[in-house]
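Descriptive structure summary
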Amino acid sequence: MQSQFHTGSLTVDQMSRLHISGNIIPVTWFKTIRKATGKPNLNAIIILADIVYWYRPVEIRDELTGELIGLRKKFHSDILQRSYQQIADQFGITKRDATNAVVELEKLGVVKRIFRTLRLGGQQIPNVLFLDLNVKVLEHLTYPDGENRGYPSNRGHPSPKSAAGTTEISQSASPFWEGGYSQMGETNTENTKRDFSKIPSSDSYAKIEEQIKIQISYDVLKHDYPFDNKIDEILGILLDVMTSSAETIRVNREEKPAEIVKAQFGKLTMEHIQFVLSCMEKNTAKVTNIRSLYITALYNSVNTISSYYSSLYNYHMATGLLERREEEKNEKNS
């Protein structure tokens, strides 16, 4: 008698143990999203799949009953922030190809480009790209025959008794607007600033781990860095620190009170993790105690990240100006 956990195909059985998440591309898009030549617009398709991923809500369920009690968005602002360069780096295409693909999606009406001026550290950043999604057009592109095979109409609504308790996401915009960095304004959770030094003893280790994942937007980090094991290394270090019963924790060759270190770590967000990862990539010195280095880097990131953003802003303003001049020059010559 065949077990319900064996399908009769070894490959299918092995696939059942894989958890594959991320972008989903409906097969109908290869017919509805085409170039002027009649061939599928592959760049536009993969970019739309990523945009749709970010606009798919995250479900909040009751831990005891499993009941759907709310929804939250994956990004901070009211609409999704992206840059052409970030899209190009993510999918291995040129910035021009990324721009053309987004423009084609806008022509279809499924995506709308919105340019905003943001303020960062008292300075204005003009022409920051945001992408809005037209769900009605998306539905038409996905179900051209008019039959919506999606979820039941009542599936996505939180229960009345709990909807009011759903935490709203911060509306702050991303400090990253160009380059190969992940968009900081596109996190999938609120920044939980819980004081971990006062966690009740009844809280389980697993629950603390889940709280840390929410705080640093772990799912988004894994999406942006799918093959980077350092994400889980950092998660393990954060968990060790937050659950430590030691009176002091060594930071930057100095023993600091554990409560102070935990309070500092309680301020960490996805932006700080990405900042630390970026600094680690640029580090060329030999490291003998990577755990100690991570603890120090994470601790210091809370106080040093603002200076980093200011430096990054100045860099991008300079390179962006040069890029615009080069593009204008190319347009005149073409």
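The structure we're discussing is the one just above.
Here is a short report on the structure shown in this document. Here the structure is a predicted model, which is why all the values come from computation and not from measurement.

Cut-offs used in this document
Residues numbered from 1 in each chain as written. Predicted model: local features only at pLDDT ≥ 70, side-chain atom pairs only at ≥ 80, totals over all residues. Heavy atoms only, no water. Helix = DSSP H or I, 4+ residues; strand = E, 2+ residues; numbered from the N terminus. Buried < 20%, exposed > 50% of the residue type's maximum accessible area, 1.4 Å probe, protein only. Areas by Shrake-Rupley, 256 points an atom, 1.4 Å probe, with all protein chains shown as cover. Phe/Tyr/Trp six-rings, centres within 6.5 Å; stacked < 30°, edge-to-face > 60°. Lys NZ or Arg CZ within 6 Å of the ring centre and 35° of its normal. Core = buried A, V, L, I, M, F, W, Y, C linked by side-chain atoms within 4.5 Å. Contact = heavy atoms within 4.5 Å. Pairing = 2+ DSSP bridges. Axes fitted to C-alpha atoms, helices over the stretch in contact; angles between N-to-C directions. Parallel < 35°, antiparallel > 145°, perpendicular 65-115°, else oblique. Left-handed = near helix turned anticlockwise from the far one by under 90°. Nonpolar A, V, L, I, M, F, W, Y, C, P; charged D, E, K, R; others polar. Expected span 1.5 Å × (residues − 1). Arc of directions from axis to C-beta. Salt bridge = Lys/Arg side-chain N within 4 Å of Asp/Glu carboxyl O.

1. Brief notes about the overall build of the protein
Each helix and strand in the protein was counted, giving 12 helices and seven strands. The buried share of the protein, reckoned over its 334 residues, is 39%. Here the protein displays about 19700 Å² of accessible surface, and carbon together with sulfur accounts for 52% of that area.

2. A look at the packing of aromatic side chains
Tallying each qualifying case throughout the model produces two aromatic pairs. Taking the centre distance of 5.3 Å and the plane angle of 80 degrees together, the rings of Tyr53 and Trp54 count as edge-to-face. When its relative accessible area of 1% is taken as the criterion, Trp54 is described as buried. Residue placement shows Arg116 over the ring face of Phe130; its charged tip is 4.8 Å from the ring centre. Directly above the aromatic system of Tyr218 lies the positively charged group of Lys213, at a separation of 4.7 Å from the ring centroid.

3. A short note on the nonpolar core
Among the nonpolar cores identified, the biggest contains 59 residues, and Trp29, Leu48, Leu238 and Phe265 are the most heavily contacted of them. Here this core gets nine residues from one element, more than from any other, and that element is helix 3 (residues 42-55). Phe265 has contacts with Gln215, Leu238, Val241, Met242, Ile295, Leu298 and Tyr299, leaving out every residue within four places of it along the chain.

4. Side note on the pairing of strand 6 (residues 248-251)
Residues Ile249 and Val251 point to one face of strand 6 and are all buried, whereas Thr248 and Arg250, pointing to the other face, are not buried. Bridging between strand 6 and strand 7 (residues 254-257) involves four bridges; their strand directions are antiparallel. Considered in strand 7, the bridge of Val251 is made with Glu254. From the end of strand 6 to the start of strand 7, which pair antiparallel, there are two residues, and Asn252 there has a positive phi angle of about 55 degrees.

5. Details of the sheet that holds strand 3 (residues 80-81)
Taken together, three strands build an open sheet; the order of strands is 3-5-4 and the sheet is antiparallel. Edge positions in the sheet fall to strand 3 and strand 4 (111-120), since each of these pairs with one other strand and no more. Here nine bridges tie strand 4 to strand 5 (residues 123-133), and the two strands are oriented antiparallel to one another. Note on strand 5: the bridge partner recorded for Arg116 is Val128. Its contacts with the sheet place helix 5 (residues 95-108) against strand 4 and strand 5, and it is angled at close to 120 degrees to strand 4.

6. Focus on the packing of helix 7 (residues 205-215) against helix 9 (residues 230-242)
In the contact formed by helix 7 and helix 9, the axes pass within 10 Å of each other and the chain directions differ by 125 degrees. Classified by the angle their axes make, helix 7 and helix 9 are oblique. Between helix 7 and helix 9 the crossing geometry is right-handed. Counted together, Tyr205, Ile208, Glu209, Ile212 and Lys213 of helix 7 and Leu235, Leu238, Leu239, Asp240 and Met242 of helix 9 form the full contact between these two elements. Class assignment of the residues belonging to the contact of helix 7 with helix 9 gives a composition of seven nonpolar, no polar and three charged.

7. A short note on the packing of helix 3 against helix 4 (residues 84-91)
Between helix 3 and helix 4, the shortest axis-to-axis distance is 11 Å and the interhelical angle comes to 105 degrees. In terms of axis orientation, helix 3 runs roughly perpendicular to helix 4. Counted together, Ile46, Ile47 and Asp50 of helix 3 and Ile87, Gln90 and Phe91 of helix 4 form the full contact between these two elements. By residue class, the composition of the contact of helix 3 with helix 4 is four nonpolar, one polar and one charged.

8. Some points on helix 5
Taking 1.5 Å of rise per residue, the 14 residues of helix 5 would be expected to cover 20 Å, and the 20 Å separating its terminal C-alpha atoms lies within 8% of that figure. When helix 5 is considered as a whole, its buried residues turn out to be Lys95, Ala98, Thr99, Ala101, Val102 and Leu105. For helix 5, the buried positions fall inside an angular range of 165 degrees around the axis, keeping them on one side. Those residues of helix 5 that are exposed and aimed more than 90 degrees away from the buried face are Arg96 and Lys107. Following helix 5 by one or two positions, Gly109 has its phi on the positive side, about 90 degrees.

9. Let's talk about the pattern of salt bridges
Overall, the coordinates contain nine salt bridges when judged by the stated rule. With its nearest N and O atoms 3.4 Å apart, the salt bridge here joins Glu255 to Arg250. For Glu255, a relative accessible area of 42% corresponds to the partly exposed category.

10. Brief notes about helix 4
Within helix 4 the residues assigned to the buried category are Tyr84, Gln85, Gln86, Ile87 and Ala88. Among the structural elements, helix 3, helix 5, strand 4 and strand 5 are those in contact with the buried residues of helix 4. One or two residues past the end of helix 4 sits Gly92, with phi positive at roughly 70 degrees.

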